Amino acid sequence: MFVVTVTYTASLNEVDQWRPAHGDWLNDLISRRLFLVAGRRVPLTGGVYLASEMPAEELDRILATDPYVLNDVAAHTVVEFTPLLVATGLESLKG
């Protein structure tokens, strides 16, 4: 499993131009359960995703298709981890 942080590398005005396409991209990935959670950082300097278990190369390919990345307004940082402890009801996330 992966935690992905998104950091804006451009002004919010520039980021906002690509927000609808980025939202569509996220909704597609969440509908396919490739991403489990996505949200904004506070303060709004980027976002955070929780990505399903997959080969790291597959995640890299997915992240490269982010409209924010394609339009050079954000960058990703990826941390891979193995969930060992989970809340009741989330046992399927354990590695």
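Just so you know, these numbers come straight off a predicted model, no measurement behind them.

Caption draft 1: Inspection of the overall build of the chain at higher detail. In terms of helices and strands, the chain carries three helices and four strands. The helix and strand sequence of the chain, counted from the amino end, reads β-α-β-β-α-α-β. Here the C-alpha radius of gyration of the chain, 14 Å, is about what a compact globule of 95 residues would show, namely 12 Å. Dimensions of the chain, computed from C-alpha atoms along their principal axes, come out at roughly 40 × 25 × 20 Å. A buried classification covers 29% of the 95 residues belonging to the chain. Once local pairs closer than 6 in sequence are excluded, the contacts in the chain between residues at least 24 apart make up 66%. Accessible surface for the chain amounts to roughly 5800 Å². Of this, 56% is attributable to carbon and sulfur atoms.

Caption draft 2: Layout of the environment of M1. Relative to the assigned elements, M1 resides in the segment before β1 (2-8). The sequence separation of M1 and L93 amounts to 92 residues, and the corresponding C-alpha distance is 8.3 Å. Ignoring anything within four residues of it in the chain, the contact list for M1 reads L36, L50, A51, S52, E53, V79, E80, F81, P83 and L93.

Caption draft 3: Examining the pattern of salt bridges more closely. All chains considered together, the criterion is met by two salt bridges. Of the charged contacts in the structure, one is a salt bridge between R19 and D16, with a shortest N-O distance of 2.7 Å. Note that R19 and D16 are positioned in helix α1 (residues 12-31) at a spacing of three residues, about one turn of the helix. Taking relative accessible area as the criterion, D16 reaches 39% and is therefore assigned partly exposed. For D28, the salt bridge goes to R32, with nearest N and O atoms at 3.0 Å. Judged by relative accessible area, which is 49%, R32 ranks as partly exposed.

Caption draft 4: Looking closely at the pairing of strand β2 (residues 35-40). As paired strands, β2 and strand β3 (residues 46-51) are joined by five bridges and run antiparallel to one another. Residue V37 lies in a different strand from β3, and its bridge partner there is L50. Here β2 folds back onto β3, and the loop between the two strands holds five residues.

Caption draft 5: Structural view of the side chain of D66. Looking at the secondary structure, you find D66 in the loop between α2 (56-63) and α3 (67-70). Here D66 sits buried without a salt bridge, and the closest side chain of opposite charge, R19, lies 9.8 Å off (N-O distance). Looking at D66, its side chain comes within polar contact range of the main-chain nitrogen of Y68, at 2.9 Å. For D66, the residues in contact, after removing those within four places along its chain, are H22, W25, Y49 and H76.

Procedures and definitions
Residues numbered from 1 in each chain as written. Predicted model: local features only at pLDDT ≥ 70, side-chain atom pairs only at ≥ 80, totals over all residues. Heavy atoms only, no water. Helix = DSSP H or I, 4+ residues; strand = E, 2+ residues; numbered from the N terminus. Rg over C-alpha atoms; globule rule 2.2 N^0.38 Å. Buried < 20%, exposed > 50% of the residue type's maximum accessible area, 1.4 Å probe, protein only. Contact = heavy atoms within 4.5 Å. Areas by Shrake-Rupley, 256 points an atom, 1.4 Å probe, with all protein chains shown as cover. Salt bridge = Lys/Arg side-chain N within 4 Å of Asp/Glu carboxyl O. Pairing = 2+ DSSP bridges. Lys, Arg positive; Asp, Glu negative; His and termini not counted. Polar contact = N/O pair within 3.5 Å; in protein donor to acceptor, adjacent residues only side chain to side chain.

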